[in-house]
Amino acid sequence: MSFFRNKDDNRLKSGWRICLFLILFWVFAATIFVVKPLLGDLTKREFLQGYSLLIVSILAIGATISVRIARKYFDKKSWISLGLVVSKKTYQDLLFGFALSGLMAGIFFVLLLLFDLISFQGINFSNQFFGSGYSYLEFMKVMSLGTLLLLLTEHILVGYWEELVFRGYILQNLMEGLGRYLAVLVSCLIYGLIHMANPNAGILSSAIIVFFGYLRIYGYLSTKMLWLSMGMHIGWNFFQGPIFGFAASGHRHATLLEISIISEKTWLTGGEFGPEGSVLILPILLFALMIMKAYSKR
């Protein structure tokens, strides 16, 4: 019996809790495979790019339900104890994290311009808002106020569910079972390995995402809340992709700034994977970590 349960608190051991949670989450996430055929004869790429908002909405709903069930029945703890207490600092942490990630993406953009690794070709913006003869797939290829709002909504959902799952449920259960340091290492490695499935991913990009995982973990550990990490996650995806024109972890949509990669050194530019595939992002990550440390001391 002790193989499955802790004797001191009569709960399932953390490893079993994580396994059951992942099964539960996969059941909800599998709805995606049911929805895809209903949208017509789409290739996998067309589905992922054209209906990404629908996909992340399903994942966000599935993550919320799964975490709530697992937290109550497996962990026997409250939902807010994950780091979801809402207070005045919540909005401060979210906005600070969002702005810091915008600064990170801006620094990366300027570095690539200074080193002649990319060329800036102008601003791409349409006055169209919604509709006007566009199909949804066509609309998401044209940058407009409507597209920008949809993409921001998408990245809010991504930042929410990924932080809830990885820095919320999985990390905190790993810490109960393995201790802080080993749990942080395992969590970072899992995060990097999962992103190997993204388009145009490679060994370098996956290794760098391990460091991004640590940055997000530090956001949680330094504040004991998930809001700073969520704000950073949302801001990073939004600014690197829709605003500055890079791929976001291998995915592309319409972008406000039009850029062209003019160097073949993908280890510097990130190539079709985006900034997370460039070694130039590493000193920027260190810079962000120092700013977060100063911020959290307040």
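Scroll up to find the structure this text is about.
Per chain, the residues get numbers from 1 upward, laid out in the order the sequence is written. For a predicted model such as this one, the threshold for reporting local features is a pLDDT of at least 70, and the threshold for listing and counting side-chain atom pairs is 80 or more; totals across whole chains, interfaces and linings nevertheless cover every residue. Only heavy atoms go into the side-chain values, all of them from the structure, while hydrogens and water stay out.

## Let's talk about the nonpolar core
Stage number 1. Nonpolar core, defined: a set of buried Ala, Val, Leu, Ile, Met, Phe, Trp, Tyr and Cys residues in which side-chain atoms within 4.5 Å join the residues together. The rule is simple: take the accessible area with a 1.4 Å probe, protein chains only, and divide by the maximum for that residue type; under 20% is buried, over 50% is exposed, in between is partly exposed. Counting 41 residues, the largest nonpolar core has F21, L59, V67, L84, W161, L164 and V165 as the members making the most contacts within it.
Stage number 2. Note on conventions: DSSP H or I runs of at least 4 residues are helices, E runs of at least 2 residues are strands, and numbering of each starts at the N terminus. Mapped onto this core, the elements with two or more residues apiece are α1 (14–29), α2 (31–35), α4 (52–75), α7 (145–178), α8 (180–194), α9 (203–223) and α10 (227–243).
Stage number 3. Setting aside anything within four residues of it in sequence, one finds W161 in contact with F25, V56, L59, A60, A63 and F166.
Stage number 4. One finds F109, L228, M232 and A288 within the second-largest nonpolar core, a separate group that totals 34 residues. Only heavy atoms matter for contacts: two residues are in contact if any of them lie within 4.5 Å across the pair.

## Here we look at α7
Stage number 1. In this model α7 runs 46 Å from its N-terminal to its C-terminal C-alpha over 34 residues, within 8% of the 50 Å that 1.5 Å per residue would give.
Stage number 2. Each residue is assigned a bend, namely the angle between axes fitted to the seven residues that terminate at it and the seven residues that start at it. Along its length, α7 reaches its greatest deviation from straightness, about 35 degrees, at L171.
Stage number 3. Of all 34 residues in α7, 24 are buried; the element is thus mostly enclosed.
Stage number 4. G179 occupies a position one or two residues after α7 and carries a positive phi of about 90 degrees. One less than the number of residues in a helix, times 1.5 Å, gives the span that helix is expected to have.

## Observations concerning the pattern of salt bridges
Stage number 1. We define a salt bridge as a side-chain nitrogen of Lys or Arg found within 4 Å of a carboxyl oxygen belonging to Asp or Glu. Tallying each qualifying case throughout the model produces seven salt bridges.
Stage number 2. Measuring nitrogen to oxygen at the nearest pair gives 2.7 Å for the salt bridge that ties K77 to E176. With a gap of 99 residues between them, K77 in the loop between α4 and α5 (88–114) and E176 in helix α7 connect regions that are remote in the sequence.
Stage number 3. Between E163 and R167 there is a salt bridge, with its nearest N and O atoms 2.7 Å apart. On the criterion of helical spacing, the pair formed by E163 and R167 is a turn pair, its members being four residues apart in helix α7.
Stage number 4. Judged by its relative accessible area of 0%, E163 falls in the buried class.
Stage number 5. Put simply, R11, R17, R71, D75, K77 and E176 are held in one network by salt bridges that share partners.

## Quick word on the packing of α1 against α4
Stage number 1. Helix axes are fitted only over the stretch in contact, all axes being lines through C-alpha atoms; the angle between N-to-C directions runs from 0 to 180 degrees. Following both chains from N to C, one finds α1 and α4 inclined at 150 degrees, their axes separated by 9 Å at the closest point. Relative to α4, α1 is oriented roughly antiparallel. In this structure, α1 crosses over α4, and the sense of that crossing is right-handed. Contacts from R17, L20, F21, L24, F25, F28 and A29 of α1 reach α4 at I58, L59, G62, A63, I65, S66, V67, I69, A70, F74 and D75.
Stage number 2. Just so you know the grouping, Ala, Val, Leu, Ile, Met, Phe, Trp, Tyr, Cys and Pro go in nonpolar, Asp, Glu, Lys and Arg go in charged, and all remaining residues, Gly too, go in polar. A class-by-class count of the residues in the contact of α1 with α4 yields 14 nonpolar, two polar and two charged. We call two directions roughly parallel when the angle between them is under 35 degrees, roughly antiparallel when it is over 145, roughly perpendicular when it lies between 65 and 115, and oblique otherwise. What makes a crossing left-handed is the near helix being turned counterclockwise from the far one by less than a right angle; a clockwise turn instead makes it right-handed.

## Looking at the packing of aromatic side chains
Stage number 1. Pairing of aromatic rings covers Phe, Tyr and Trp, the last through its six-membered ring, and needs centres within 6.5 Å; plane angles under 30 degrees mean stacked, over 60 mean edge-to-face, and all others mean tilted. Within this structure, the stated rule accounts for 15 aromatic pairs.
Stage number 2. Seen from their ring centres, F21 and F25 are 6.1 Å apart, and the 5 degrees between their planes marks the pair as stacked. Taken together, the residues span about one helical turn, with F21 and F25 both in helix α1 at a distance of four residues.
Stage number 3. With a relative accessible area of 11%, F25 lands in the buried category.
Stage number 4. An angle of 65 degrees between the planes, with centres 5.2 Å apart, marks the rings of F108 and F246 as edge-to-face. Of the two residues, F108 sits in helix α5 while F246 sits in the loop between α10 and β2 (257–261), which places them 138 residues apart along the sequence. The two residues F108 and F246 agree in class, both being buried.
Stage number 5. One residue, R68, lies across the ring of W79, its end atom 4.3 Å from the ring centre.
Stage number 6. Working rule: Lys NZ or Arg CZ, within 6 Å of ring centre, within 35 degrees of ring normal, means a charge sits over the ring. Positioned above the aromatic ring of Y191 is the side chain of R167, whose terminal nitrogen or guanidinium carbon lies 4.2 Å from the ring centre.

## Things to note about the side chain of D75
Stage number 1. For D75, the location among the structural elements is in helix α4.
Stage number 2. Residue class for D75 comes out buried when judged on its relative accessible area of 0%.
Stage number 3. Only 3.0 Å separates the side chain of D75 from the side chain of R17, close enough to count as a polar contact.
Stage number 4. Polar contact is defined as a pair of N or O atoms within 3.5 Å, subject to the rule that within protein one atom must be able to donate a hydrogen and the other to accept it, and that residues adjacent in sequence are counted only when both atoms are side-chain atoms. In terms of polar contacts, D75 uses its side chain to reach the side chain of Y169, at 2.8 Å.
Stage number 5. Residues within four places of D75 in sequence aside, it is in contact with R11, R17, A70, Y169 and N173.

By themselves, these observations are geometric and do not establish any function.
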